[in-house]
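# Coordinates in review
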Amino acid sequence: MANFSAALVKELRERTGLGMMECKKALAEANGDIELAIEDLRKASGMKAAKKASRTAADGVVAVKVADDNSYAIAIEVNSETDFAARDAGFLAFVDKVLAQAFASKQTDVAALMVGELDAAREALVQKIGENISVRRAILVEGNTVGFYVHSTNKLAALVALSGGEAELAKDVAMHVTAVNPQVVRKEDMSAEVVAKEKEIILAQPDMASKPAEIAEKMVVGRIAKFLAENSLVEQAFVKNPEQKVGELVKQAGCEVLSFVRVEVGEGIEVEKTDFAAEVAAQLKG
């Protein structure tokens, strides 16, 4: 058997979307030559062009499932490379399967969740659709009353846990979270690092330069207070009724917001800019 590294197996897996044993076998038969292994795999399985995993999967969908008693909910993000693939029936069936398993086990460790059947299903889907498919995250929210809202595009969702009240109220607050994007529940929850960074930004603004120190300090305090109010869920004007703050709405129902999470497809993923003409030319050369 040829001697090759685990890193080479990993690279072949990433470039083909195939299973570990299949990749090990192909590398062994190709004496550790990864390009030859890819060629052999393509011949043997009718596999589409390799390098699928090198392309950025930054599209996809968010899916949510809530318990019948509203005590918990799971949100997952499953990525594809294009919106076209994200609307494929096979892709959506795979999303449903992942969601059902994550919900049943309350599993938020994606690696543990995907072991076995789900990873095999993912790899089969990669080969069928011809795009990189990945389960990016699974998020659990628990509370006395958990509600959620998924935008009609299926690319944005929010989950909200309340200490009581009705599921419909939690859903309304979740809808607000998707629209307004608060950072924290209450201003006290904002990290010291974020506040310090905001203060640094305020002090660097042009209108601060000419102000005496004591005036500048008062202005900083005022602007920080405004920043905290704008980014704290309970301080925000409720989207359905701007005359009322979210905190007042929830308090009226005799409860409080325990936590929330907002999930948007592709957030934080850097998408590599590609020169399409150059990519086509490279493929033609290949």
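Residues numbered from 1 in each chain as written. Predicted model: local features only at pLDDT ≥ 70, side-chain atom pairs only at ≥ 80, totals over all residues. Heavy atoms only, no water.

The name given to the chain in an unreviewed UniProt entry is Elongation factor Ts, and the organism recorded there is Marinobacterium aestuarii. Word for word, the UniProt comment on the chain under Sequence similarities (unreviewed entry) is "Belongs to the EF-Ts family." (UniProt positions renumbered as here; feature names shortened; annotations may be inferred.)

## Some words on the overall build of the chain
Of the regular secondary structure elements, the chain holds twelve helices and eight strands. By the burial criterion, 42% of the 286 residues in the chain qualify as buried. When contacts within the chain are restricted to residue pairs at least 6 apart in sequence, long-range pairs at least 24 apart make up 64% of them. Accessible surface computed for the chain: about 15500 Å², of which carbon and sulfur atoms make up 54%. (Helix = DSSP H or I, 4+ residues; strand = E, 2+ residues; numbered from the N terminus. Buried < 20%, exposed > 50% of the residue type's maximum accessible area, 1.4 Å probe, protein only. Contact = heavy atoms within 4.5 Å. Areas by Shrake-Rupley, 256 points an atom, 1.4 Å probe, with all protein chains shown as cover.)

## Let's talk about the nonpolar core
Formed by 24 residues in total, the largest nonpolar core has its most connected members in I76, V78, F91 and F94. With seven residues, helix α5 (residues 89-105) is the largest single contributor of residues to this core. In contact with I76, other than residues within four places in its own chain, are V61, V62, A63, V95, V98, L99, A102, R137 and A138. Counting residues in hydrophobic clusters, the runner-up holds 19 residues, among them L233, V246, V250 and F260. (Core = buried A, V, L, I, M, F, W, Y, C linked by side-chain atoms within 4.5 Å.)

## Points about the side chain of E131
For E131, the position within the fold is in the loop between α7 (117-129) and β3 (134-142). Looking at E131, the relative accessible area reads 10%, which means it is buried. Reaching out from E131, the side chain makes a polar contact with the backbone nitrogen of E81 at a distance of 2.9 Å. (Polar contact = N/O pair within 3.5 Å; in protein donor to acceptor, adjacent residues only side chain to side chain.)

## Let's talk about the sheet that holds strand β2 (residues 72-80)
Strand order in the open sheet made by the three strands is β1-β2-β3, with antiparallel pairing throughout. Every other strand in the sheet has two partners, leaving β1 (59-66) and β3 as the edge strands with one partner each. Strand-to-strand twist across the sheet, computed as the mean angle between neighbouring axes with direction ignored, equals 15°. Running at roughly 145° to β2, α5 makes contact with β1, β2 and β3 of the sheet. (Pairing = 2+ DSSP bridges. Axes fitted to C-alpha atoms, helices over the stretch in contact; angles between N-to-C directions.)

## Some thoughts on helix α2 (residues 20-29)
Of all the residues in α2, the buried ones are C23, A26, L27 and A28. Within two residues after α2, N31 carries a phi angle of roughly 55°, on the positive side.

## Quick notes on the packing of aromatic side chains
Think of a pair of aromatic rings as described by two things: how far the centres are apart, and how the planes are tilted against each other in angle. The full count for this structure, using the stated rule, is one aromatic pair. With a centroid separation of 4.9 Å and 20° between ring planes, the pair formed by Y72 and F103 is classed as stacked. One end of the pair, Y72, is in strand β2; the other, F103, is in helix α5, with 31 residues separating them in the sequence. When sorted by exposure, Y72 lands in the same class as F103, which is buried. One residue, K65, lies across the ring of F103, its end atom 5.0 Å from the ring centre. It is K106 that lies over the ring of Y72; its NZ or CZ is 4.3 Å from the centre. (Phe/Tyr/Trp six-rings, centres within 6.5 Å; stacked < 30°, edge-to-face > 60°. Lys NZ or Arg CZ within 6 Å of the ring centre and 35° of its normal.)

## Digging into the packing of α5 against α7
Put simply, α5 and α7 touch, their axes get as near as 11 Å, and they point 165° apart. Between α5 and α7, the crossing angle belongs to the class labelled roughly antiparallel. Handedness of the crossing formed by α5 with α7: left-handed. The residues of α7 that touch α5, namely those facing G90, F91, F94, K97, V98 and Q101, are E117, L118, A121, R122, L125 and I129. Residue composition of the contact of α5 with α7, grouped by class: seven nonpolar, two polar and three charged. (Parallel < 35°, antiparallel > 145°, perpendicular 65-115°, else oblique. Left-handed = near helix turned anticlockwise from the far one by under 90°. Nonpolar A, V, L, I, M, F, W, Y, C, P; charged D, E, K, R; others polar.)

## Side note on the packing of helix α1 (residues 6-16) against α2
One can describe the packing of α1 onto α2 by two numbers: an axis separation of 9 Å at closest approach and a directional angle of 115°. Looking at the two axes, α1 sits roughly perpendicular to α2. For α1 against α2, the interelement crossing comes out right-handed. Contact residues: L8, V9, L12, R13 and T16 in α1; M20, C23, K24, A26 and L27 in α2.

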